[in-house]
Amino acid sequence: MSDLRFDGRVAIITGAGGGLGRAHALELARRGAMVLVNDIGQSPGPDGTLSSAAQRVVDEIIAVGGQAAVNVDSVSTPEGGLAIVDAALTAFGRVDILVNNAGILRDKAFHKMDSAMIDAVIDVHLKGALYVTQPAFRLMREQGYGRIVSTSSASGLFGNFGQANYGAAKAGLAGLTRVLALEGVGHGVCANAIAPIAATQMTHGILGDLADKVSPDSVSPLVAYLAHEDCAVNGHVYSVAGGRVARIFVAETVGVVLPQNTAEGVRDHLEMIDQVDILGCHQPSSLDDETTIIAKALSEVS
Ligand code: NAI
């Protein structure tokens, strides 16, 4: 089988001045993509002086013969999102791939979290993804081709103490992915998401011994696959870390049609309602699918 190449394809990667985004940018560029490297941050060079983190990654890509352009707009406003997509159009003339990766943390136990911490995280992760994706999605829809990879997190999908703002935003990205998958499928646009674990500045000091096994570049092969024309999945979310990839999916128990639809009826049937039989689980692929499952269950008792 041939290698997965991106020659002629244009990718936008947000928050690509370091960590996971940088690794994705290098991987796609190595495989022939023209990459718009977006990041608002600064990073230190060999002499310690600070300059645009995104420009440093562009320089790295160009140094090894790749093609890249820089953008330093913030994802967190509609104007920023538009400017990022416009920058890719100006530099390379089209947009085929968007990797929503930019991120920040403002962790605190929920009872102590202030509104500035909530706004900052929702603005970058959730609104940021919406603001960059919308202009990109419009272009992709028109051209009949696109690949969107968003960065969710186990924090939002499974929960993590102290991350009410972040977890809510990251669960939102899984929801966005499901909806875009449905809206894009008739137009050649696939949307998928990853929930990574990687040793970056964001996780510095909290991964313990695992840190050595989960480099950022161990996540990028999955991103490259999901960003490729050959990607055969749509609306999926994958756990990815250190070369392990697993699908995370939303399922539903078989459920119960309550004989008495009362609070007491719920209490008395809770065990059956909650009972997980993985083989018997439904996996609704859309709200329509879910409605069909509900209608079928009700029709079987009427
Ligand atoms: P990182 O901190 O190294 O990279 C995030 C980048 O986003 C930074 O370079 C930062 O300057 C940039 N950024 C922040 N706000 C921005 C904005 N408004 N506009 C543009 N760029 C902005 O962190 P890491 O670990 O590489 O994270 C990448 C993504 O992966 C994030 O969305 C993070 O939430 C997610 N993630 C990371 C995990 C990990 O284990 N490292 C776990 C789960 C999710």
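Each chain has its residues counted from 1, running along the sequence as written. The model is predicted, so local features are restricted to residues of pLDDT at least 70 and side-chain atom pairs to those at 80 or more, both for listing and for counting; the totals for chains, interfaces and linings are taken over all residues. Water and hydrogen atoms play no part in the side-chain values, which are based on all heavy atoms of the structure.

1. Some words on the overall build of the chain
- For the purposes of this entry, the term helix denotes a DSSP run of H or I that reaches at least four residues, the term strand denotes a run of E that reaches at least two, and both are numbered from the N terminus. Scanning the chain from N- to C-terminus turns up nine helices and ten strands.
- Note on method: radius of gyration uses C-alpha positions; expected globular size equals 2.2 Å times residues raised to 0.38. Taken over C-alpha atoms, the radius of gyration comes to 21 Å for the chain, in line with the 19 Å a tight globule of 302 residues would show.
- When its C-alpha atoms are laid out on the principal axes, the chain stretches across 70 × 45 × 40 Å.
- Of the contacts formed within the chain by residues at least 6 apart in sequence, a portion of 66% connects residues at least 24 apart.
- Per-residue and other accessible areas follow the Shrake-Rupley method at a 1.4 Å probe size, with only the shown protein chains counted as cover for residues. Total accessible area computed for the chain in this model is approximately 15600 Å², and 55% of it derives from carbon and sulfur atoms. It only takes one pair of heavy atoms within 4.5 Å for two residues to be counted as in contact.

2. Details of the pattern of salt bridges
- A carboxyl oxygen of Asp or Glu within 4 Å of a side-chain nitrogen of Lys or Arg is what we treat as a salt bridge. Evaluated as defined, the whole model comprises ten salt bridges.
- One salt bridge in this structure joins Glu27 and Arg30, with 3.1 Å as the shortest N-O distance. Residue Glu27 and its partner Arg30 are located together in helix H1 (residues 19-30), separated by three residues, close to a single helical turn.
- Two residues, Arg31 and Glu27, come together in a salt bridge whose shortest N-O distance is 2.8 Å.
- The buried label applies to any residue whose accessible area, calculated with a 1.4 Å probe on protein chains only, is under 20% of its type's maximum; exposed applies above 50%, and partly exposed to all values in between. Residue class for Arg31 comes out partly exposed when judged on its relative accessible area of 22%.
- Relative accessible area serves as the criterion here: at 13%, Glu27 is assigned to the buried category.
- Salt bridges here are not isolated pairs; linked through shared partners, they connect Arg9, Arg94, Asp96 and Glu229.

3. Overview of the nonpolar core
- For this analysis, a nonpolar core means a set of buried residues of the types Ala, Val, Leu, Ile, Met, Phe, Trp, Tyr and Cys, connected via side-chain atoms within 4.5 Å. Counting 31 residues, the largest nonpolar core has Ala25, Leu28, Val35, Val37, Ile194 and Leu226 as its most contacted members.
- Among the secondary structure elements, those contributing two or more residues to this core are strand S1 (10-13), H1, strand S2 (34-38), helix H2 (53-63), strand S6 (97-100), helix H7 (220-227) and strand S9 (237-241).
- Among the elements that take part in this core, H7 stands out by supplying five residues, more than any other.
- With near-sequence residues (within four places) excluded, Leu226 lies in contact with Arg147, Val149, Asn192, Ile194, Cys231, Val233 and Tyr238.
- Formed by 26 residues, the second largest nonpolar core is a distinct cluster that contains Ala87, Leu98, Val132 and Ala191.

4. A word on the environment of Ile118
- Here Ile118 lies in helix H4 (residues 115-143).
- For Ile118, a relative accessible area of 31% puts it in the partly exposed group.

5. Section: the site of the ligand
- With respect to spatial proximity, 27 residues lie near the ligand, and among them Leu20, Asp39, Asn101, Tyr166 and Thr200 are the closest.
- In the model, a nitrogen atom of the ligand is placed 2.9 Å from a nitrogen or oxygen of the Ser74 side chain.
- N or O atoms within 3.5 Å of each other form a polar contact, as long as, within protein, one can give a hydrogen and the other can take it, and as long as residues adjacent in sequence are counted only when both atoms are side-chain atoms. The separation between an oxygen atom of the ligand and a polar main-chain atom of Ala102 is 3.5 Å.
- In the complex, 94% of the free accessible area of the ligand, which totals 820 Å², lies under the protein chains.
- For the shell around the ligand, the secondary structure elements donating two or more residues are H1, H4 and helix H6 (164-184). By convention in these notes, a residue is near a molecule or strand provided one of its non-hydrogen atoms lies within 4 Å of it.

6. A closer look at the domain arrangement of the chain
- Its domain assignment divides the chain into domain 1 (10-248) and domain 2 (263-299).
- The domain boundaries here were taken from an automatic or database domain assignment. Taken over C-alpha atoms, the centre of domain 1 sits 34 Å from the centre of domain 2.

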